[in-house]
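Chain by chain, the residues run as shown.
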Amino acid sequence: MITNKIIDSFLRCDYKSYQQFINTIGCKTEYELLEDELRDLYKNKFYNKLRANPENQILPVYDFQKKIQVERNAFIIAPTWQSNQFNIDFDALELFPHNSSSGKLAYIPISISPKEKVSKLEKLSFVIKCLILEDYGIRPEFGKIIYGCDLKSTKIKISSYIQEAKKKLNELIKTVKSSEAPRFFQNKYCKTCEFQDACKTKLIEADDLSLLGSISQR
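Residues numbered from 1 in each chain as written. Predicted model: local features only at pLDDT ≥ 70, side-chain atom pairs only at ≥ 80, totals over all residues. Heavy atoms only, no water.

### Side note on the sheet that holds strand S7 (residues 105–113)
Part 1 of the reasoning: What the 6 strands build is an open sheet, ordered S2-S3-S6-S7-S8-S9; its pairing is mixed. With partners counted over all chains shown, the strands left at the sheet margins are strand S2 (57–59) and strand S9 (152–157), one partner each. Pairwise comparison of adjacent strand axes, ignoring direction, gives a mean angle of 25° for this sheet.
Part 2 of the reasoning: The pairing of S7 with strand S8 (residues 142–147) spans 4 bridges and is parallel. Residue pairing for S8: Ser113 is matched across the bridge by Tyr147.
Part 3 of the reasoning: Those strands touched by helix H3 (residues 30–52) are S2, strand S3 (74–77), strand S6 (92–97), S7 and S8, and its axis lies near 140° from that of S7.
Part 4 of the reasoning: Strands in contact with helix H4 (residues 120–133) are S7, S8 and S9; relative to S7, the strand with the most contacts, it is inclined by about 140°. (Pairing = 2+ DSSP bridges. Helix = DSSP H or I, 4+ residues; strand = E, 2+ residues; numbered from the N terminus. Axes fitted to C-alpha atoms, helices over the stretch in contact; angles between N-to-C directions. Contact = heavy atoms within 4.5 Å.)

See the structure below:
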């Protein structure tokens, strides 16, 4: 299934996402291990902050098929959505009554980033995951990325990235469904990738031009 990790990887290297999809085991770099450690640390800080606010309603379990009364801001911790094709999650989901009188709820997906600055790739990956939520009847207008040691927050307008996100999601699905691995090149993300040693060996054997480092993929 396509997971958060595979979506994140695809935006940097389609070959890496393909390897993860077919369950190839790599050796995580120190950079990747540090990111995992920081992400877990910031998630725990964020959850503790949510729980410490008496005005927040924490919903430990939520059935999206059933209606629930939410009179104030409520949060679901680490919600997941799984189908035959996808298995994605957000670090939290904020719910609150919609402005209309329809009784519907508004949703704000929330992700935690270990970085001190949110990149465009992180925003694009976030919106791709929001696209997948549409299969469950959840169509958020905005999302939040909580980032850095101070838990700063940036608001993501979904419509700003929706067209590019749709294109990338279609490309990802096509890539992982293919019977052949995509061609790969050395890029700036290789030095922090779990597959760098295996890929470097193959590129050297092929005498690949991307090893020069000054030539674009095109």
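Next comes the rest of the description.
### Some remarks on the packing of aromatic side chains
Part 1 of the reasoning: The final tally for this structure, using the stated rule, is 4 aromatic pairs.
Part 2 of the reasoning: Both rings, one in Phe46 and one in Tyr47, keep their centres 6.2 Å apart while their planes meet at 55°; by these two values the pair is tilted. Note on accessibility: Phe46 and Tyr47 belong to one class, buried.
Part 3 of the reasoning: When the centroid spacing of 5.4 Å and the interplanar angle of 75° are considered together, the rings of Phe90 and Phe126 count as edge-to-face. Here Phe90 is found in the loop between strand S5 (86–89) and S6, whereas its partner Phe126 is found in helix H4, with 36 residues between them in sequence. Both residues of the pair, Phe90 and Phe126, count as buried.
Part 4 of the reasoning: Ring pairing ties together the aromatic residues Trp81, Phe90 and Phe126, which thus form one cluster. (Phe/Tyr/Trp six-rings, centres within 6.5 Å; stacked < 30°, edge-to-face > 60°. Buried < 20%, exposed > 50% of the residue type's maximum accessible area, 1.4 Å probe, protein only.)

### Here we look at unusual backbone geometry
Part 1 of the reasoning: For Ala78, which is not a glycine, the phi torsion comes out positive at approximately 50°.
Part 2 of the reasoning: The topology assignment puts Ala78 in the loop between S3 and strand S4 (80–82).
Part 3 of the reasoning: A positive phi angle, near 55°, is found at Leu151, a position not held by glycine.
Part 4 of the reasoning: With respect to the helices and strands, the residue Leu151 is situated in the loop between S8 and S9.
Part 5 of the reasoning: What makes Leu151 buried here is its relative accessible area of 13%.

### Remarks on the environment of Asp14
Part 1 of the reasoning: Along the chain, Asp14 turns up in helix H2 (residues 14–21).
Part 2 of the reasoning: Here the alpha-carbon distance between Asp14 and Pro182, two residues 168 residues apart in the chain, equals 6.9 Å.
Part 3 of the reasoning: With sequence-adjacent residues up to four places away left out, Asp14 is seen in contact with Thr175, Pro182 and Arg183.

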